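Structural description and commentary
For reference, the chains in residue letters:
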Amino acid sequence: MPATKLKYKLVTVPNPVLRQTSKRVGIVNEHTQEVIQAMEASMLKWETSRKHEVGVALAATQVGELLRIIIVRNNFDDKNDRTFSVFINPVITKFEGTMIEDFEGCLSVKDIYGKVPRYSKVRVKAKDLTGREFRVTATDFLARIFQHEVDHTNGKLFIDHIKDMPDAFYRLLPDGKLEKLDYDNEVKNSRILWK
Ligand SMILES: [Zn+2]
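What counts, and at which threshold
Residues numbered from 1 in each chain as written. Predicted model: local features only at pLDDT ≥ 70, side-chain atom pairs only at ≥ 80, totals over all residues. Heavy atoms only, no water. Salt bridge = Lys/Arg side-chain N within 4 Å of Asp/Glu carboxyl O. Buried < 20%, exposed > 50% of the residue type's maximum accessible area, 1.4 Å probe, protein only. pLDDT = per-residue confidence, 0-100. Contact = heavy atoms within 4.5 Å. Helix = DSSP H or I, 4+ residues; strand = E, 2+ residues; numbered from the N terminus. Expected span 1.5 Å × (residues − 1). Polar contact = N/O pair within 3.5 Å; in protein donor to acceptor, adjacent residues only side chain to side chain. Core = buried A, V, L, I, M, F, W, Y, C linked by side-chain atoms within 4.5 Å. Phe/Tyr/Trp six-rings, centres within 6.5 Å; stacked < 30°, edge-to-face > 60°. Pairing = 2+ DSSP bridges.

**Side note on the pattern of salt bridges**
- Scanning the model with the defined rule gives 15 salt bridges in all.
- Its salt-bridge partner being K188, residue D184 comes within 3.7 Å of it at the nearest N-O pair.
- Take D184: its relative accessible area is 51%, and that puts it in the exposed class.
- A relative accessible area of 40% places K188 in the partly exposed class.
- Here the residues in one salt-bridge network are E104, R118, R144 and D151, joined through shared partners.

What follows is the structure, encoded as structure tokens:
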């Protein structure tokens, strides 16, 4: 859909839209569908330019639409699988398990990775494209994804969780390796901690 591509663009920091709270989707209509298509197209386009990264999930705010919609890749391990699941008005109803620190990146925060503490298990409630409510229980990496994406719908970014953690910041190098950032010189007071 060429029209979609022209209208929506991947939003990155320091675009203030990333700090705004998204609205709930009332009725799933043509506009909702258009936004979802734009999200998928934006993520796949981004992915072709990123040799060492896979687009696993995206929130509507990242294409500039303040709607509570997230999409999650159905298969994280296979770049050729370009299908997604859609979660409308997603809410985490329960945080469970233990806190686990692991690497996390974001299409809207280029080249920066963080070791972010997240719950290992969450329960999520959402609506599908027909408006039907459904629930999922997610663990490990998928639980991390839901926490990251639901944060987006509330104007929050992964860097907010680690802003006071000197050992949590990394930079993605051109060869795909992660290099630890010097917190005092490269993170603190820098644009990485943008608000
Ligand atoms: Zn993100």
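From this point, things continue past the structure.
**Observations concerning the confidence of the model for the protein**
- Per-residue confidence for the protein gives a mean pLDDT of 93; residues scoring 70 or more make up 97%.
- Note on residues 1-5: pLDDT is under 50 here. Beyond four places in sequence and across chains, it has five contacts.

**Quick word on helix α2 (residues 30-48)**
- Its 19 residues place the ends of α2 27 Å apart at the C-alpha level, agreeing with the 27 Å of an ideal helix rising 1.5 Å per residue.
- Looking at α2, one finds that the buried residues are T32, V35, I36, A38, M39, S42, M43, L44, W46 and E47.
- For α2, the capping residue at the N-terminal end is N29, with a side-chain oxygen 3.0 Å from the backbone nitrogen of H31.

**Description of the nonpolar core**
- One finds V35, M39, L58, I69 and I71 to be the most contacted residues of the largest nonpolar core, which totals 20 residues.
- The dominant element in this core, judged by the number of residues it contributes, is α2, at seven residues.
- Ignoring sequence-local partners within four residues, the contact set of I69 consists of V25, T32, V35, I36, M39, L58, A59, A60, V86, F87 and I88.

**As for the packing of aromatic side chains**
- Across all of its chains, the model carries six aromatic pairs by this definition.
- When the ring of F87 is compared with that of F134, the centres are 5.5 Å apart and the planes differ by 40°; the resulting orientation is tilted. Residue F87 is found in strand β3 (residues 84-106), and its partner F134 is found in strand β5 (residues 133-139); the two are separated by 47 residues along the sequence. Note on accessibility: F87 and F134 belong to one class, buried.
- On the basis of an interplanar angle of 50° and a centroid distance of 5.1 Å, the ring pair of F95 and Y119 is categorised as tilted. Highlighted residues: F95 in strand β3 and Y119 in strand β4 (residues 109-127), separated in sequence by 24 residues.
- The class of F95 is partly exposed, set by a relative accessible area of 44%.
- Counting every residue linked through ring pairs, the aromatic cluster contains F87, F134 and F146.

**Remarks on the pairing of β4**
- Summarising the sheet, β3 and β4 pair through 13 bridges and their orientation is antiparallel. Residue pairing in the sheet places F95 in a bridge with V122 of β4.
- Taken together, β3 and the strand that follows it, β4, pair antiparallel across an intervening segment of two residues.
- The pairing of β4 with strand β6 (residues 169-172) spans three bridges and is classified as antiparallel.

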